[in-house]
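# Close look at the chain arrangement
So the chains spell out like this:
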Amino acid sequence: MPPISSSQPITFTLSGVRRGFQNCLPLGFSVFAYGLVFGILAVQAGMSTAQAGAMSLTTFAGASQLMVLEFWGPVLPFFGIVLTTFIVNLRHVLMGAALRDWLIALPPWKAYGSLFFMTDESWALSMREMGSGGRDAAFLLGAGLCIYVFWFSATILGASSGFFLGTAMSDPARWGLDFAFTAVFISLLIFFWKGRQDLPVWLVAAAAAWLGWALLPGKWYILCGGLAGGLYGAWRHGR
Amino acid sequence: MDADLTLAALAGLSGPMAMEGMFGGVFWVLLGMAAATYLTRAAGLFLISRVSPTPRVEAFLRHVPASILVAIVVPNLVQGGPAERAAAGVTALVAILTRNLIAALFAGVLAVVVLRGVI
């Protein structure tokens, strides 16, 4: 068991849920805009509104949901999609581990239930809350639920309005919507940038992705780049 | 949208998806994604309450997300023309200046529309 520095015990209350939800509201609105984009792109990629909504309710992980749209088509590569989803979301493993002081003190069903709703945003707010001495672990659940509500409703709205947009325009490229994917991922990359030490890892990932793209069929270049960058980072760490 | 909302369509039991076999169905893909994602969310607590990861494994996991994003962006830029590459630069610049995903997204899309008309 980890040492709990504070003398106060970890709690899990309704007011903690409310506090997490309220703290997450500003982020909820930007998640909403992001969810609209996902809904619109999902329909463009060939999903129905119900399918996009079901994905947002069950997978509930923005980057991986956007990423698998690249695979979406008449033939769905099951293992490619699931493996990509898994690898893209591997960061959750470290995020969940980082919340150990809260989660390990809870009954397992509350801890593992709260983790279903953990996102980058709710995790970041929860880490801040935990770091500043917050003892109510339900904060994580509340913040996660806030993102969940915004993400799902925006997906449905984007997918259904994207349906009307789609019929109204013959060429999505004319509106630059085809570039939205690239723009989202470039922006996320900028936010991932921690400093100059990232550059070699990113170059290795870029080289591996480019090779994979040139040599391999389908979208395997994504896994090539991700694994190469991760392995290089791990190898460098050991030196 | 009406027909798509039926459970059968959601499960991939009608339409072209039904031809792709069990694992080609949308239902199974969604279930697989949900299971894979929840596995990652639960695994951290599961593992940390039993063993502590080596620094090397932590370094691997820390570098994977950004590497995946790099991997996705690179072929898009290789395939794209000068308009797409310039718009990528605009997107990155706005993302750096505003730290705002939506602002960067709109700037990038706007830039690509304008640049495609000009270049």
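Our subject in this report is the structure included herewith.

What counts, and where the lines are drawn
Residues numbered from 1 in each chain as written. Chains lettered and ligands numbered in written order. Predicted model: local features only at pLDDT ≥ 70, side-chain atom pairs only at ≥ 80, totals over all residues. Heavy atoms only, no water. Helix = DSSP H or I, 4+ residues; strand = E, 2+ residues; numbered from the N terminus. Buried < 20%, exposed > 50% of the residue type's maximum accessible area, 1.4 Å probe, protein only. Contact = heavy atoms within 4.5 Å. Areas by Shrake-Rupley, 256 points an atom, 1.4 Å probe, with all protein chains shown as cover. 1 Å grid on protein atoms, 1.4 Å probe; cavity = no way out; pocket = protein on both sides within 12 Å on 5 of 7 lines; lining within 4 Å. Points joined across faces, edges and corners; volume = space filled by probe spheres on them. Nonpolar A, V, L, I, M, F, W, Y, C, P; charged D, E, K, R; others polar. Disulfide = S-S within 2.5 Å. Phe/Tyr/Trp six-rings, centres within 6.5 Å; stacked < 30°, edge-to-face > 60°. Polar contact = N/O pair within 3.5 Å; in protein donor to acceptor, adjacent residues only side chain to side chain. Salt bridge = Lys/Arg side-chain N within 4 Å of Asp/Glu carboxyl O. Core = buried A, V, L, I, M, F, W, Y, C linked by side-chain atoms within 4.5 Å. Patch = residues over 30% accessible without salt bridge, like charges linked within 9 Å, V, L, I, M, F, W, Y side chains within 5 Å.

A few words now on the overall build of chain B. Broken down by element type, chain B carries 5 helices and 0 strands. Counting the 119 residues in chain B, one finds 46% classified as buried. Counting only contacts in chain B whose residues sit at least 6 apart along the sequence, the fraction spanning at least 24 positions is 28%. For chain B, the exposed area adds up to about 6000 Å²; of that, 72% sits on carbon and sulfur atoms.

Right, let's talk about the environment of Cys224(A) for a bit. Residue and element names in this part refer to chain A. Position of Cys224 among the secondary structure elements: in helix H12 (residues 220-237). Taking the C-alpha atoms as reference, Cys224 lies 8.4 Å from Leu211; in sequence the two are 13 residues apart. Setting aside residues up to four positions removed in sequence, Cys224 forms contacts with Ala208, Gly212 and Leu216.

Further remarks concern the layout of surface pockets. To find the voids left in a structure, one rolls a probe of water-molecule size over its atoms. Residues and elements named next belong to chain A. Of the voids in this model, the largest pocket is the one considered here, and its volume is about 1200 Å³. Taken together, 41 residues make up the lining of the largest pocket; nearest its centre are Arg91, Asp120, Glu121, Leu188 and Phe192. When its residues are assigned to classes, the lining of the largest pocket shows 26 nonpolar, 7 polar and 8 charged.

Time to look at the state of the cysteines. Residue and element names in this part refer to chain A. Tallying each qualifying case throughout the model produces 0 disulfides over all chains. Cys24 carries a free sulfur, and the closest cysteine sulfur to it, the one in Cys146, is 4.6 Å from it. With relative accessibility at 0%, the residue Cys24 sits in the buried group.

Evaluated as defined, the whole model comprises 12 aromatic pairs over all chains. Centre to centre, the rings of Phe32(A) and Phe150(A) are 6.3 Å apart; their planes meet at 85°, and the pair counts as edge-to-face. Remark: Phe150(A) occurs in helix H9 (residues 138-168) and Phe32(A) occurs in helix H1 (residues 14-44); sequence separation between them is 118 residues. Of the residues examined, Phe32(A) reaches a relative accessible area of 24% and is grouped as partly exposed. With a centroid separation of 5.3 Å and 85° between ring planes, the pair formed by Phe27(B) and Trp28(B) is classed as edge-to-face. For Trp28(B), a relative accessible area of 32% corresponds to the partly exposed category. Through pairs of rings, three or more aromatic residues link up here, namely Phe60(A), Phe116(A), Phe117(A), Tyr148(A) and Tyr38(B).

Our next topic: the side chain of His63(B). Secondary-structure assignment places His63(B) in helix H3 (residues 55-79). A polar atom in the side chain of His63(B) sits 2.8 Å from the backbone oxygen of Ala59(B).

Let's shift gears to the pattern of salt bridges. Taken as a whole and assessed by the stated rule, the structure comprises 2 salt bridges over all chains. One salt bridge in this structure joins Glu129(A) and Arg19(A), with 2.8 Å as the shortest N-O distance. Remark: Arg19(A) occurs in helix H1 and Glu129(A) occurs in helix H8 (residues 120-131); sequence separation between them is 110 residues. You can call Arg19(A) partly exposed: its relative accessible area is 40%. With a closest N to O distance of 2.9 Å, Glu84(B) and Arg116(B) form a salt bridge. Here the residue Glu84(B) occupies a position in helix H4 (residues 82-98), and Arg116(B) occupies one in helix H5 (residues 101-118), the gap between them amounting to 32 residues. For Glu84(B), a relative accessible area of 16% translates into the label buried.

An α-helical turn contains 3.6 residues, so a residue and the one three or four places further along point in the same direction. For helix H5 (residues 91-98) of chain A, the tally of buried residues reaches 6 of 8 residues, placing the bulk of the element in the interior. Within the span of H5(A), buried status applies to Arg91(A), His92(A), Val93(A), Met95(A), Gly96(A) and Ala97(A). Buried residues along H5(A) sit against helix H4 (78-88), helix H6 (100-103), helix H7 (108-116) and H8 of chain A together with helix H2 (26-48) and H3 of chain B.

Before going further, it helps to examine the nonpolar core. Leu66(A), Leu69(A), Trp72(A) and Phe185(A) are the most contacted members of the largest nonpolar core, which totals 102 residues. Here this core takes 11 residues from H9(A), the largest share from any one element. Not counting chain neighbours up to four residues away, the residues in contact with Trp72(A) comprise Ala45(A), Gly46(A), Met47(A), Met55(A), Ile81(A), Val26(B) and Val29(B).

On the surface, Leu83(A), Trp210(A), Leu211(A), Leu215(A), Leu216(A), Trp220(A) and Val78(B) cluster together into a nonpolar patch covering about 670 Å² of accessible area. The element contributing the most residues to the nonpolar patch is helix H11 (residues 198-215) of chain A, with 3 residues. As for its position among the elements, Leu215(A) is in helix H11.

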